[in-house]
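Now for the letters of each chain:
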Amino acid sequence: MTPALSIAPDPVACDPRPDIALAVRLFTELRLRTGAARGITRASYGLGEQIAHDMVRREARKLGMDCRIDAGCNLYMTLRGQRRGPAVMVGSHLDSVPMGGNFDGAAGVLAGLAVAAGYRAAGVLPPQDLTVVAIRAEESTWFSASYIGSRAAFGRLSGAELDGVLRAGDRVALGRAIDAAGGESAQLRAGVPQIDPAQIACFIEPHIEQGPVLVARDRPIGIVTGIRGSFRHRHAACLGAYAHSGATPREVRQDAAMAVARLAVRLDDAWERLAAQGHDLTVTFGQMATDPNEAAFSKVAGRVDFSLDVRSQSHATLDLMRAELRQALAEVESRSRVRFDLGKETTSEPALMDRRIIADLAGIAAAQGAEIMPCGAGHDAAVFAQMGVPTGMIFIRNRNGSHNPDEAMEIEDFAVAAQVLSAFCLQEMPART
Ligand SMILES: [Zn+2]
């Protein structure tokens, strides 16, 4: 059951005030029009996402914002400022996972619209243009590629992805789905950038927090320091030998289960040690399984399949963990007489948020006790940061994680984020160097 939204008094003194009533109305309309019996579904380049894009464009037009849709179907809604030049860009994505929650992504776009509407109502012109962006296809459950919309905006989608990545379910190729939604995949194939990083003074992505930190620390919002990058082995295996559990002496066993357990404990110890030294790090063995057909209660395990996901905001820390992993594998292989096959390594780049933006946002939000924190999940903000755009993220407290219908953001916390954003966007942005 989605909790009803209500409007609370503004907890941050801020003039002009973001139009939280507008955001409440749009959250409600989004839930009604893209929701089902369980959760909401807004497929990338599909019906639900299109409904959301049409809705926010309708509202932006009412506010007198200039609307532009790029070749990747991203939507830019610009409120003119006092002078031309690089714009402050604010926003997030409008797609969702199947049976997801209403706030993941949408909160970032609606926060931007609420800020623009607040300026309009108060007759305030921001110093520079304010562009609210609704980004396409961030959730990689539909097309198994990351950050499709934001990479399209910067001309960074490959032809191989446009042709070869198919939407889960209907198997439509990404390029065809973009064209069907009104985009021009030919431009993306040619790598034509749709936005110029030099014309973006900064990018701010408000987003619900997907972990439990803000709830645990009783903070309404967080200011993100960086988005963790990763190295991952999705299909790793430890190969030993099946043997009788009672008849096989310890010194000849090749026990894959014990070996993977040893590896996991070894890496967990390394995590604890590095974390104590101040390293930002997570280490996760999300899957570990013996073969249900071959393994048995009274057999030494001959094979264990597992996954490994290591994340950090720092390249150097990821490299340290790679070295730890290599050393641990060699030790466990020799001690347990097994062999590891880690399969393919996939990686994502860490992306640090801009220090000045972190300091500015933290300063504005000081009275609310914003948490300064890393971000463990991927977001479009990572692409903007990697393109050299000074980038920041504001997390909004949210219960029950995300990517599920039970995500629960309080509108009071959303209002705090919008008010911090509103005050930030009224600042004169320094010239890009
Ligand atoms: Zn999201």
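Worth saying up front: this structure is predicted, and the values here are computed from it rather than measured.

Visitor: What is the right way to look at the overall build of the chain in this model?
Guide: The helix and strand inventory of the chain stands at 13 helices and 17 strands. For the chain, the C-alpha radius of gyration of 24 Å lies close to 22 Å, the compact-globule estimate for 433 residues. Each principal axis of the C-alpha atoms in the chain carries an extent, and together these give about 85 × 45 × 45 Å. Sequence separation of at least 24 residues holds for 80% of the intrachain contacts in the chain that already meet a minimum separation of 6. Counting only carbon and sulfur atoms, one obtains 52% of the accessible surface of the chain, whose full area is about 18400 Å². For the chain, the centre of its 46 positive side-chain charges and the centre of its 50 negative side-chain charges are spaced 2 Å apart.

Visitor: I would appreciate a short explanation of the domain arrangement of the chain in the present structure.
Guide: In many reports, interface size means the accessible area that the parts give up when they come together. Looking at the chain, the domain boundaries give domain 1 (6–228 + 350–425) and domain 2 (230–348). Measuring from the centre of the C-alpha atoms in domain 1 to the corresponding centre in domain 2 gives 37 Å. Every contact between the two is made by 9 residues of domain 1 and, on the other side, 10 residues of domain 2. Both faces considered, domain 1 and domain 2 share a buried interface measuring about 710 Å² in area, 51% of it formed by carbon and sulfur atoms. In this structure, the connection of domain 1 to domain 2 is made through 1 salt bridge. Between Asp 280 and Arg 228 there is a salt bridge, with its nearest N and O atoms 2.6 Å apart. Viewed at the interface, domain 2 and domain 1 are joined by 4 residue pairs in polar contact (both at pLDDT 80 or more).

Visitor: Please explain the coordination of the zinc ion as it appears in this structure.
Guide: Between any two of four tetrahedral donors, the ideal angle at the metal is 109.5 degrees; between two of six octahedral donors, it is 90 or 180 degrees. Distances from the zinc ion to its protein donors, namely His 93 (NE2), Asp 104 (OD) and His 207 (NE2), fall within the range 2.0 to 2.1 Å. Sequence positions of the donors to the zinc ion reduce to the motif H-x10-D-x102-H. With His 93 in strand β3 (residues 83–93) and His 207 in strand β5 (residues 200–208), this pair connects stretches of sequence that are 114 residues apart. Overall, His 93 belongs to the buried group, its relative accessible area being 0%.

Visitor: Looking at this structure, how should I read helix α11 (residues 355–364)?
Guide: What sets the pattern is the α-helix's 3.6 residues per turn: residues three or four places apart point alike. All of the buried residues in α11 are Ile 357, Ile 358, Asp 360 and Leu 361. For α11, the arc enclosing every buried residue in end-on projection is 165°, short of the 170-degree limit, so these residues lie on one face. Lining the buried residues of α11 we find β5, β6 (221–227), β17 (391–396) and α13 (411–425). Where α11 starts, the residue carrying a side-chain oxygen 3.2 Å from the main-chain nitrogen of Arg 356 turns out to be Asp 354.

Visitor: Help me out: how do you make sense of helix α1 (residues 20–34) in this one?
Guide: For α1, which comprises 15 residues, the first-to-last C-alpha distance of 21 Å matches the rise-based estimate of 21 Å (1.5 Å per residue) to within 8%. By the burial criterion, the buried members of α1 are Ile 20, Leu 22, Ala 23, Val 24, Leu 26, Phe 27, Glu 29, Leu 30 and Thr 34. Residues of α1 that are buried in the fold lie against α2 (47–62), α3 (106–122) and α13.

Visitor: Would you explain the packing of α11 against α13 in this entry?
Guide: When two helices pack together, their arrangement is captured by the angle between the axes and the distance separating the axes. Look at α11 against α13: their axes get within 9 Å of each other, and the N-to-C directions meet at 120°. Looking at the two axes, α11 sits oblique to α13. The interaxial crossing formed by α11 with α13 has right-handed handedness. The residues of α13 that touch α11, namely those facing Ile 357, Asp 360, Leu 361 and Ile 364, are Val 420, Ala 423 and Phe 424. Its residues assigned to classes, the contact of α11 with α13 shows 6 nonpolar, no polar and 1 charged.

Visitor: Help me out: how do you make sense of the packing of aromatic side chains in this one?
Guide: How two aromatic rings sit relative to each other is given by the distance of their centres and the angle of their planes. Taken as a whole and judged by the stated rule, the model has 7 aromatic pairs. Ring centres 5.9 Å apart and planes at 35° place the aromatic pair Phe 285 and Phe 306 in the tilted group. Of this pair, Phe 285 sits in the loop between β9 (282–284) and β10 (288–290) while Phe 306 sits in strand β12 (residues 303–312); the two residues are 21 residues apart in sequence, bridging distant segments of the chain. The exposure classification of Phe 285 matches that of Phe 306, with both residues buried. Ring centres 6.1 Å apart and planes at 90° place the aromatic pair Phe 306 and Phe 340 in the edge-to-face group. Separated by 34 residues along the polypeptide, Phe 306 in strand β12 and Phe 340 in strand β13 (residues 339–341) bring together distant segments of the chain.

What counts and what doesn't
Residues numbered from 1 in each chain as written. Predicted model: local features only at pLDDT ≥ 70, side-chain atom pairs only at ≥ 80, totals over all residues. Heavy atoms only, no water. Helix = DSSP H or I, 4+ residues; strand = E, 2+ residues; numbered from the N terminus. Rg over C-alpha atoms; globule rule 2.2 N^0.38 Å. Contact = heavy atoms within 4.5 Å. Areas by Shrake-Rupley, 256 points an atom, 1.4 Å probe, with all protein chains shown as cover. Lys, Arg positive; Asp, Glu negative; His and termini not counted. Charge placed at Lys NZ, Arg CZ, Asp CG, Glu CD. Domains from an automatic or database assignment. Buried area = accessible area lost by both parts, 1.4 Å probe. Salt bridge = Lys/Arg side-chain N within 4 Å of Asp/Glu carboxyl O. Polar contact = N/O pair within 3.5 Å; in protein donor to acceptor, adjacent residues only side chain to side chain. Donors = N, O, S within 2.8 Å, 3.2 Å for Na, K, Ca; no water. Buried < 20%, exposed > 50% of the residue type's maximum accessible area, 1.4 Å probe, protein only. Arc of directions from axis to C-beta. Expected span 1.5 Å × (residues − 1). Axes fitted to C-alpha atoms, helices over the stretch in contact; angles between N-to-C directions. Parallel < 35°, antiparallel > 145°, perpendicular 65-115°, else oblique. Left-handed = near helix turned anticlockwise from the far one by under 90°. Nonpolar A, V, L, I, M, F, W, Y, C, P; charged D, E, K, R; others polar. Phe/Tyr/Trp six-rings, centres within 6.5 Å; stacked < 30°, edge-to-face > 60°.

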